[in-house]
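Observations on the three-dimensional arrangement
Now for the letters of each chain:
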Amino acid sequence: MSQWNQVQQLEIKFLEQVDQFYDDNFPMEIRHLLAQWIEHQDWEVASNNETMATILLQNLLIQLDEQLGRVSKEKNLLLIHNLKRIRKVLQGKFHGNPMHVAVVISNCLREERRILAAANMPIQGPLEKSLQSSSVSERQRNVEHKVAAIKNSVQMTEQDTKYLEDLQDEFDYRYKTIQTMDQGDKNSILMNQEVLTLQEMLNSLDFKRKEVLSKMTQIVNESDLLMNTMLTEELQDWKRRQQIACIGGPLHNGLDQLQNCFTLLAESLFQLRRQLEKLEEQSTKMTYEGDPIPTQRAHLLERATFLIYNLFKNSFVVERQPCMPTHPQRPMVLKTLIQFTAKLRLLIKLPELNYQVKVKASIDKNVSTLSNRRFVLCGTQVKAMSIEESSNGSLSVEFRHLQPKEMKSSAGSKGNEGCHMVTEELHSIAFETQICLYGLTIDLETSSLPVVMISNVSQLPNAWAAIIWYNVSTNDCQNLVFFNNPPSVTLSQLLEVMSWQFSSYVGRGLNSDQLNMLAEKLTVQSNYSDGHLTWAKFCKEHLPGKPFTFWTWLEAILDLIKKHILPLWIDGYVMGFVSKEKERLLLKDKMPGTFLLRFSESHLGGITFTWVDHSENGEVRFHSVEPYNKGRLSALPFADILRDYKVIMAENIPENPLKYLYPDIPKDKAFGKHYSSQPCEVSRPTERGDKGYVPSVFIPISTIRSDSMEPQSPSDLLPMSPSVYAVLRENLSPATIETAMKSPYSAE
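Right, let's walk through the structure included here. (Residues numbered from 1 in each chain as written. Predicted model: local features only at pLDDT ≥ 70, side-chain atom pairs only at ≥ 80, totals over all residues. Heavy atoms only, no water.)

1. Quick look at the sheet that holds strand E5 (residues 375-378)
Strand order in this open sheet of 4 strands is E1-E3-E7-E5, and the pairing throughout is antiparallel. Of all strands in the sheet, those bounded by a partner on one side alone are strand E1 (316-323) and E5. Neighbour-to-neighbour, the strand axes of this sheet turn through a mean angle of 35 degrees, independent of strand direction. In this structure, E5 lies alongside strand E7 (residues 395-406), joined through 4 bridges in antiparallel fashion. Across the sheet, Cys378 pairs through a bridge with Gln403, a residue of E7. Contacts between helix H14 (residues 292-315) and the sheet are confined to E1 and strand E3 (340-346), with E1 contributing the most and set at about 15 degrees to the helix. (Pairing = 2+ DSSP bridges. Helix = DSSP H or I, 4+ residues; strand = E, 2+ residues; numbered from the N terminus. Axes fitted to C-alpha atoms, helices over the stretch in contact; angles between N-to-C directions. Contact = heavy atoms within 4.5 Å.)

Set out below in structure tokens:
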């Protein structure tokens, strides 16, 4: 079943979540019409590969044209209209930045997988639940409402300032008119009335100045309160959501809303500064005893300027954390001399700043780490921000050609480059810029989340484990000495993140039974609702009786799924995480030939299958084959192994014991669509001198002794053509074949 079909079968509460992330950037109509094609493209790789992204965008438009041709024949006017509009929007929006469409589609597919995984969970995980708090949504609405109210207030003071200017001009005109009157006229009744009018105007002017300054003070107070409470909290929440998204959690959104709030607030404060400057001009032209402008304006201007400085400093954010294009699902793990990308955004989007803000990248600037090693960045380290850089119109810059390189030691040697790097050492990519705007000069700095430097891809699994642990454990974005004393995490949080690893990396998360098995493996207890787990237990200490850690075991399984059994995993046919004891409980009451697939607990990256049958006296027997690893699965697809697997019993002909996938799914119904080819008909070599070869296939065979409750080690994957096997059956007895199978020369 395709991922999109699975999504459509979700409950309404999950469908509402799906509806939230489909918009004009990637309309749901396209997702629906091109579901199969979209799911068969590697959008994650394309999101960091411009050439591949360009090709995929072109192919997407071609697919869309084909759909247009089809619906045109059906004369579906509404769909034709929508598809034409969508095609025009997609081509216009992504033509100059094809990687962005790859990012959008990749994110949507990933979020679908996460929601599908969440739907299989008995309860919502603690991390995801905290991110979707109703109080957070309420605060978002309050921030938007308050920013809009401040904007309206500034517009009102703009009108008030204009009114003050007009009132002062009228007062000035009347005052000058009196000054030009003759001395005789100055003693007239008309003159006295004019003086009274001027006094009333001056009183009104004084009242209005005090009123405007009072309103401006209120605006500054409200802006200050908003920035230091709700807006700061909203930004911190976005950064926390970004942390969680980087390790496979729900997609972080809301940055566009934050940009709108930051921009509106900045525009309001700049407008307020201009109004204060106008008040100064008015006071310079006309002042009087008790004039409030000289005593209040300077302080208000200072406060407004200070707020602008703080607003800009908070608005400079890392929109996309450092990531190697070769490993898009492992951000913040960087390999020396390999390019990585990072994207910065200024949340204050002002046209005057387009191409005027130059950002410089560096590494480990003015920070202390646990590492004695030092790095420099090679490649393009300075780039200008532009609105055109991003298809959503934000003011941003993307670094695409940065490479970390280890500095030589003071003795002149190459230091540790190329040697084993400690994956617990954290580093930071720093970015700095300077903004000159409306007479203000503002220096801005920001940093990435901590990154781990590796020199060999073999270090990537443990480096990724460090990234996971850091971002689960802390909200601190810059604690580079974190692993000096890493805190423990709750088991429920860690298991939730483990499920995210599967949903984001291999397309299907873990259900409650699978998570229970992992909990038992970690803590020797089935109830994982309480308790904490240490970093050492997760990644450094070996599992009991095993030569590897829990994380090494789990990472090997992820790699196995990704490279060899991905379609079977996505379809949900691999139970995977089930103990030997539990599998026997599941199979003991099932029909003979019922089997299940589970990951090996003793072999790294191994998968095995166990089936049930009955002895002649009715006793239940269980048989498990030696786990298949990536070496064997590279030679023969796992679905074909399940189809062609044979067992040789004493005095019996070989047969396939696998009949039903647990609980009762016929084997061919479950795996038929994944067979690489139909099984070849057995053919005999002809006596004629044909030039062609007899077709050959690999046949996985195990032997089971009649006096054993368990099979021998099925070493078993023997290359044998069907025709040769047919000849053996005709000329040799089953006992002779069994004897040959026991020969040491028949083993791998």
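2. Thoughts on the nonpolar core
Phe312, Phe538, Phe577, Phe609 and Phe638 are the most contacted members of the largest nonpolar core, which has 157 residues in total. Tallying contributions element by element places helix H12 (residues 189-246) first for this core, with 17 residues. When residues no more than four places from it in sequence are discounted, the contact partners of Phe609 are Phe595, Leu596, Leu597, His623, Ser624, Val625, Tyr628, Phe638, Ile641, Leu642, Tyr645 and Leu658. Core analysis: the next-biggest nonpolar cluster, separate from the first, contains 39 residues, Val7, Tyr22, Trp43 and Ala53 among them. (Core = buried A, V, L, I, M, F, W, Y, C linked by side-chain atoms within 4.5 Å. Buried < 20%, exposed > 50% of the residue type's maximum accessible area, 1.4 Å probe, protein only.)

3. Points about empty space enclosed by the protein
On inspection of all chains with the given rule, the structure shows 3 cavities of 30 Å³ or more. Counted as a void, the largest cavity has a volume near 40 Å³. Lining the largest cavity are Asn97, Met99, His100, Val103, Arg320, Lys343, Glu398 and Arg400. Secondary-structure elements contributing two or more residues to the lining of the largest cavity are helix H8 (98-120) and E7. (1 Å grid on protein atoms, 1.4 Å probe; cavity = no way out; pocket = protein on both sides within 12 Å on 5 of 7 lines; lining within 4 Å. Points joined across faces, edges and corners; volume = space filled by probe spheres on them.)

4. Overview of the pairing of strand E11 (residues 451-454)
Side chains Val451 and Met453 of E11 all project onto a buried face; the interleaved residues Val452 and Ile454 project onto the opposite face, where all are buried too. Strand direction decides the pairing type here: strand E2 (residues 333-335) and E11, joined by 3 bridges, are parallel. By the bridge assignment for E11, Lys335 is matched with Ile454. Strand direction decides the pairing type here: strand E8 (residues 426-427) and E11, joined by 2 bridges, are antiparallel. When the sheet's bridge partners are listed, Leu426 is paired in E11 with Val452.

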